[in-house]
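Observations on the three-dimensional arrangement
In case you want the letters, here they are:
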Amino acid sequence: MDFNLTAEEEALVFHVVSLLHSGLSPTDDDLAEEMGDEVRPLLQSLLDKGWLVIDEERELALSMIARAAVSSRKDVEGP
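Predicted, not measured: the structure shown is a model, and the values here were computed from it. (Residues numbered from 1 in each chain as written. Predicted model: local features only at pLDDT ≥ 70, side-chain atom pairs only at ≥ 80, totals over all residues. Heavy atoms only, no water.)

1. Section: the pattern of salt bridges
Under the convention used in this document: Definition used for salt bridges: Asp or Glu carboxyl oxygen within 4 Å of a side-chain nitrogen of Lys or Arg. Helix and strand definitions here come from DSSP, where helices need a minimum of 4 consecutive H or I residues and strands a minimum of 2 consecutive E residues; each element is numbered from the N-terminal end. Throughout this description, buried means an accessible area under 20% of the type-specific maximum (1.4 Å probe, protein chains only), exposed means over 50%, and partly exposed covers the range between.
For the structure shown, the criterion picks out six salt bridges. Across the salt bridge formed by Arg 40 and Asp 28, the nearest N and O atoms sit 3.3 Å from each other. Within this pair, whereas Arg 40 is found in helix H3 (residues 39–48), its partner Asp 28 is found in helix H2 (residues 28–35), the two being separated by 12 residues in sequence. With relative accessibility at 31%, the residue Arg 40 sits in the partly exposed group. Given the relative accessible area of 19%, Asp 28 is considered buried. A salt bridge links Arg 40 to Asp 29; the shortest N-O distance between them is 2.8 Å. One end of the pair, Arg 40, is in helix H3; the other, Asp 29, is in helix H2, with 11 residues separating them in the sequence. Here Asp 29 falls in the partly exposed class, since its relative accessible area comes to 34%. Within this structure, Asp 28, Asp 29, Asp 37, Arg 40 and Arg 58 form a network of salt bridges that share partners.

Spatial relationships are all this shows, so hold off on functional conclusions.
Written out as structure tokens, the structure reads:
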């Protein structure tokens, strides 16, 4: 897992966390509709770096390591 995130990638991770906390299960298409197609390269980068995973229904989720990293942050509520 690559822990070197850009500010944009980090913001997107915490946006996904926020959506998941709200009970939503966003897909890449949901995020592209909400944020524009320019979010797709960021999503791909986060998938490649091991932060996000996609299930059979194409819903995005944090990887196990990403959940641990996010929950260890003191400035945000962990999943």
